[in-house]
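# Chains, contacts and geometry: an overview
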Amino acid sequence: MTPRRLVLLFLAAFLLIGTAGQAQAAGYRYWSFWDRDGGTWVYATQGPSMTRPSDGDIQGFRFAVSENSGDAAQPRGAADFATICAKTPAEEGRKRVALVLDFGTAPDAPSGETPPAPRTACAQVSPDATTADALAAVAGPLRYNTNALLCAIAGYPKSGCGEQVSQKEDSSVSAAPKAAEDKGDDDGPSIGLYAGIAVVAALAAAATWQSRRRRNAGR
């Protein structure tokens, strides 16, 4: 390996280390939809317009910036069905669905908007009603896009729908403190950083071996 090539490879490795911490997947700003299973929130497998909850179910919505369902922020609050629907008596031929509406935190809000305080609501709807029907009964106005993606609950946010967050916005969201209920990301060194260090170490070993080989050949 020539000295010139060694220098170029060292530069590439150091560039890899320098940029490893900066390359992050972009997030999206949207309303996520959840089912409460006992005391645990489970990311819903169907959209609210396709889900038909049963009487006594608890479902939640959380507005936040997240990369995918695996790192999506859960609705905050631990109120149970009895608490949420305490003031809504059962009626024959109707079902009650408890809804937890978490409008998120200020860092996740679109520019110029302030998230309303989280709240709960008890929707009393027909037995065949979907979650979207229950939501419309207690938290309108709702806003959807042309692909039937839920964009706004109770008019929040005023605009936007599942938009990708820019690098600058994403870094500001990541730097802001998260609520205790949110799932944090690993703050340790990235895989790219470890890979870069390994490359540098390997190149250093190769350079040492080459140097020794030349000295031995000259003897």
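Rules used throughout
Residues numbered from 1 in each chain as written. Predicted model: local features only at pLDDT ≥ 70, side-chain atom pairs only at ≥ 80, totals over all residues. Heavy atoms only, no water. Disulfide = S-S within 2.5 Å. Helix = DSSP H or I, 4+ residues; strand = E, 2+ residues; numbered from the N terminus. Buried < 20%, exposed > 50% of the residue type's maximum accessible area, 1.4 Å probe, protein only. Salt bridge = Lys/Arg side-chain N within 4 Å of Asp/Glu carboxyl O. Core = buried A, V, L, I, M, F, W, Y, C linked by side-chain atoms within 4.5 Å. Contact = heavy atoms within 4.5 Å. Pairing = 2+ DSSP bridges. pLDDT = per-residue confidence, 0-100. Polar contact = N/O pair within 3.5 Å; in protein donor to acceptor, adjacent residues only side chain to side chain.

### A few points about the state of the cysteines
- Applying the stated criterion to the full structure yields two disulfides.
- Paired through a disulfide, Cys85 and Cys122 show a sulfur-sulfur distance of 2.0 Å. The sign of the S-S torsion, about 100°, decides the handedness of the disulfide formed by Cys85 and Cys122: right-handed. Residue Cys85 is found in the loop between helix H2 (81–84) and strand S4 (95–102), and its partner Cys122 is found in strand S5 (residues 119–125); the two are separated by 37 residues along the sequence. Each member of the pair, Cys85 as well as Cys122, is classed as buried.
- Disulfide pairing is shown between Cys151 and Cys161; the S-S distance is 2.0 Å. Sign of the S-S torsion, about -75° for the bond between Cys151 and Cys161, identifies this disulfide as left-handed. Of this pair, Cys151 sits in strand S7 (residues 150–152) while Cys161 is found in the loop between S7 and helix H4 (167–175), placing the two residues 10 residues apart along the sequence.
- When the cysteines engaged in disulfides are numbered in sequence order, the protein pairs them as 1-2, 3-4.

### Focus: unusual backbone geometry
- Residue Pro141 is reached from Gly140 by a cis peptide bond, and omega for that bond is 0°.
- For Pro141, the location among the structural elements is in the loop between helix H3 (131–138) and strand S6 (143–144).
- Residue Tyr156 is joined to Pro157 through a cis peptide bond whose omega torsion reads -5°.
- Take Pro157: it is sitting in the loop between S7 and H4.
- Located in the positive-phi region is Ala148, a residue other than glycine, with phi close to 65°.
- Position of Ala148 among the secondary structure elements: in the loop between S6 and S7.
- Positioned with a positive phi, Ala154 is a non-glycine residue whose angle comes to about 55°.

### Brief notes about the pattern of salt bridges
- Applying the stated criterion across every chain yields a total of three salt bridges.
- It is possible to trace a salt-bridge network through shared partners that takes in Arg62, Arg76 and Asp102.

### What to know about the nonpolar core
- Core analysis: the largest hydrophobic core is formed by 19 residues, its most contacted members being Trp31, Phe61, Leu99, Leu101, Leu135 and Ile153.
- Of all the elements in the fold, those that place two or more residues in this core are strand S1 (28–37), strand S3 (58–66), S4, S5 and H3.
- Top contributing element to this core by residue count: S4, with three residues.
- With residues up to four places along the chain from it excluded, the contact list for Trp31 reads Phe61, Arg62, Phe63, Asp102, Phe103, Leu150, Cys151, Ala152, Ile153, Tyr156 and Pro157.
- In this structure, Trp34, Trp41, Ala98 and Val100 belong to the second largest nonpolar core, which totals 11 residues.

### So, the pairing of S1
- In terms of burial, S1 is largely enclosed, as seven of its 10 residues are buried.
- As defined by bridge partners, S1 adjoins S3 across eight bridges and the pair is classed as antiparallel. Bridge pairing links Trp34 to Gly60 in S3.
- Bridge count for S1 against strand S2 (residues 40–43) is four bridges, and the pairing is antiparallel.

### Some points on the confidence of the model for the protein
- Of all residues in the protein, 64% attain a pLDDT of 70 or more, and the chain-wide mean is 79.
- Across residues 6–23, where pLDDT falls below 50, the model places 24 contacts with residues more than four positions away in sequence or in other chains.

### Some words on the environment of Asp55
- Checked against the element boundaries, Asp55 lands in the loop between S2 and S3.
- Taking C-alpha positions, Asp55 is 5.0 Å from Arg96, a pair spaced 41 residues apart along the chain.
- Once residues within four sequence positions are removed from consideration, Asp55 is found in contact with Arg94, Lys95 and Arg96.
- For Asp55, the side chain forms a polar contact with the main-chain nitrogen of Arg96, separated by 2.7 Å.

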